[in-house]
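Each chain is listed here by its residues.
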Amino acid sequence: MSTPVHLTPTRRPAAVLASARQRREGSGTGSTYRNPAEHALLGIQAGAGNRAATAAVQRARAGAQAGGQGSAPQNSTAPAGAQKKNYRDRIAGLLDRFKKNLDPIDTFIKGVQTPANAGFTQQAAAAANEGLKHSAAASGTSAASGNLLTEATGTVVSGMDAYKNMKDARKHETGAGHHTAGKKAKVKGTDAVVGAVGSGAYSAAIAKEVTKIQKAADAAVASEASGIASASVAALKSVRSVFRVGGAARKYRKVKELGDPHLVHAESLARLNESREHANWAAAEAFVALDAYWKQDGEGRLELIGEAVDAAWEAMGEARDAAETLQRAERDVEKLNTVQGYAKKKQLTKIGKETVGGALGESTKAAAGVVTAVAAGTAGLASNPVGWGLAGAGAGLVLGVTLYKALRAATKRYEEVRRPEVWAPQGETPAEAASRSESLKHALKFWKKVSKGERQAMAREIYALAAGPHIPGSGGTTQEMRQSGMALLIALKAGPADHKLDEDAWVASLDDPAKTEAWIKEIAEQLASG
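Presented here is an overview of the structure given in this document. (Residues numbered from 1 in each chain as written. Predicted model: local features only at pLDDT ≥ 70, side-chain atom pairs only at ≥ 80, totals over all residues. Heavy atoms only, no water.)

### Brief notes about a negative patch on the surface
- A cluster of acidic residues, Glu303, Glu307, Asp310 and Glu314, forms a negative patch on the protein surface.
- Structurally, Glu303 is set in helix H11 (residues 301-377).
- Classification of Glu303 by relative accessible area gives exposed; the value is 56%. (Patch = residues over 30% accessible without salt bridge, like charges linked within 9 Å, V, L, I, M, F, W, Y side chains within 5 Å. Areas by Shrake-Rupley, 256 points an atom, 1.4 Å probe, with all protein chains shown as cover. Salt bridge = Lys/Arg side-chain N within 4 Å of Asp/Glu carboxyl O. Lys, Arg positive; Asp, Glu negative; His and termini not counted. Charge placed at Lys NZ, Arg CZ, Asp CG, Glu CD. Helix = DSSP H or I, 4+ residues; strand = E, 2+ residues; numbered from the N terminus. Buried < 20%, exposed > 50% of the residue type's maximum accessible area, 1.4 Å probe, protein only.)

Structure below.
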């Protein structure tokens, strides 16, 4: 257990009651298939062939037309730079939508069709079945083409996002907006590099399968090159996942070091409770004095009674303020305990996903690529069942994580519209709940992100705990609780050094209502990343 990071001197207990009121106020190929294996291969091709890709293109085109019909006419008098930026944003949006429509097809190809192709290739080589070998190569060409299309589109989108966020980071220079944009620029830039390398690997895979179809003499060389390329990309992704696991583990450890809020704030809660008891005693004594004055006689009786009434009224107000301060602190301790638990859970989840799908899944795929390259170099030409087994195992791990993430995202989208009141911001009237069928339709819109979910709600809670007294709803936060909120921000990599600010400027930004939205966005991003 550790105490919170104290950015400012601890406030004396005597100051609790003196400012209580002020705080309270700020409240097909054409081949002929002769055996069951070839028929199964045909089914795979049908599942991820031209019809699926055509459907994706049609969905993206329909979305573009809908966006164009619903948008306002362009202002011909707008500056050329603004129009260029608007066109760039629209193109980036359309490409992103197109890429997300391709993702389900890409997931099927990587998790099902590609490992199955490796199995059919191994079976064809073992049985010397030229027909099956030709069909597997045709299916492999289709699969690699689909992967290449998705990867290339994703590379372009990531590159455009990286450029946009780099400009945003330079625009903000410092603060939460700068850090959020700068981190996104690095992530998207890395995504673009990995995507470019991956596109080259898929191009090599296409060349490998084409040489098999044409029965070219250099098929073994192409297969070896493709195996090396795929192994390199998988190894790169695996290493990246290892770094992500390390980042999430460090963030988890820092949040855990903050300690149990109930224990960390036990002393401050005890002081507030003592202040409440003293205020109650003072109020009781004031009423005893008032009662005594009522029983007295004499000329100054009414004046004494008036003073006693004022004293009793003031003592009651102080007792009420002390009780409200204690209740607010107790609620804040529970909120801090909840958000710290959520932050640790998010990091553990990220560690699990990156370990299984990235470090293990991609490293297994890298091993499969190495086996393929070695087999090709020794004239085995992918006839080794080890490569098939490794490819299937790696694809299974990656597919499992992808399906888990897709299911979680669909559940969150469903809850977002089905029960909008659960995570609605405090003081905001929640939207009308959608019907079950409408919620299901919204859940299936995999290209949409959750805008009002648990992570966003937790980000608002953390900001409310760390924000200054000028932020609505944070005026009654005690100094000890505010320091714990700031310590949590530092543990989440949203501290002064991360924002390129000194401590005073960082604290001032937390007390600036104009930066509230940027802060909540920043905290939500840090909760999701390692």
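That covers the picture; the talk isn't over yet.
### Description of the nonpolar core
- Within the largest apolar cluster, 34 residues are counted, with the highest numbers of intra-cluster contacts made by Ile462, Leu488, Leu489, Trp519, Ile523 and Leu527.
- Contributions of two or more residues to this core are made by helix H10 (266-295), H11, helix H14 (454-466), helix H15 (479-491), helix H16 (503-510) and helix H17 (516-528).
- Contact partners of Ile462, with chain neighbours within four places excluded, come to Val339, Leu488, Leu489, Leu492, Ile523 and Leu527.
- One finds Ala286, Ala312, Ala315 and Ala319 within the second-largest nonpolar core, a separate group that totals seven residues. (Core = buried A, V, L, I, M, F, W, Y, C linked by side-chain atoms within 4.5 Å. Contact = heavy atoms within 4.5 Å.)

### Some words on the side chain of Ser439
- Positionally, Ser439 belongs in helix H13 (residues 436-443).
- There is a polar contact of 2.8 Å between the side chain of Ser439 and the backbone oxygen of Ser435.
- Ignoring sequence-local partners within four residues, the contact set of Ser439 consists of Tyr414, Val417, Arg418 and Ala434. (Polar contact = N/O pair within 3.5 Å; in protein donor to acceptor, adjacent residues only side chain to side chain.)

### Remarks on the environment of Ala308
- Note on placement: Ala308 falls in helix H11.
- Every residue in contact with Ala308, bar those within four places of it in the chain, is listed here: Leu290 and Tyr293.

### Overview of the packing of aromatic side chains
- Counting across every chain of the model gives two aromatic pairs.
- Seen in terms of ring centroids, Trp506 and Trp519 are 6.1 Å apart; in terms of plane orientation they differ by 70°. Their pairing is edge-to-face. Taken as a pair, Trp506 in helix H16 and Trp519 in helix H17 lie far apart in primary sequence, 13 residues in all. As far as the burial class goes, Trp506 and Trp519 line up, both buried. (Phe/Tyr/Trp six-rings, centres within 6.5 Å; stacked < 30°, edge-to-face > 60°.)

### Focus on H17
- The end-to-end C-alpha distance of H17, which contains 13 residues, comes to 19 Å, matching closely the 18 Å that a straight helix rising 1.5 Å per residue would cover.
- Burial in H17 covers these residues: Thr516, Trp519, Glu522, Ile523, Ala524, Gln526 and Leu527. (Expected span 1.5 Å × (residues − 1).)

### Some points on a nonpolar patch on the surface
- On the surface, Val193, Val197 and Leu236 cluster together into a nonpolar patch covering about 220 Å² of accessible area.
- Tracing the backbone shows Val193 in helix H7 (residues 175-213).
- The exposure class assigned to Val193 is exposed, which follows from its relative accessible area of 51%.

### Considering helix H6 (residues 130-172)
- End to end, H6 covers 62 Å across 43 residues, agreeing with the expected 63 Å (1.5 Å per residue, within 8%).
- Residue Glu173 follows H6 closely and has a positive phi angle near 65°.

### Some points on the pattern of salt bridges
- For the coordinates displayed, the defined rule picks out eleven salt bridges.
- With a shortest N-O distance of 3.3 Å, Lys99 and Asp103 are connected by a salt bridge. Remark: Asp103 and Lys99 occur in helix H5 (residues 80-127); sequence separation between them is four residues, near one turn of the helix.
- A residue is classified by how much of its surface remains accessible, and Asp103, at 24% relative accessible area, is partly exposed.
- Asp168 serves as the salt-bridge partner of Lys164, at 3.3 Å between the closest nitrogen and oxygen. With Lys164 and Asp168 both in helix H6, this residue pair falls four residues apart, about one helical turn.
- One network of salt bridges, in which partners are shared, links Glu267, Arg271 and Glu480.

In short, the description is geometric, and any link to function would need to be established separately.
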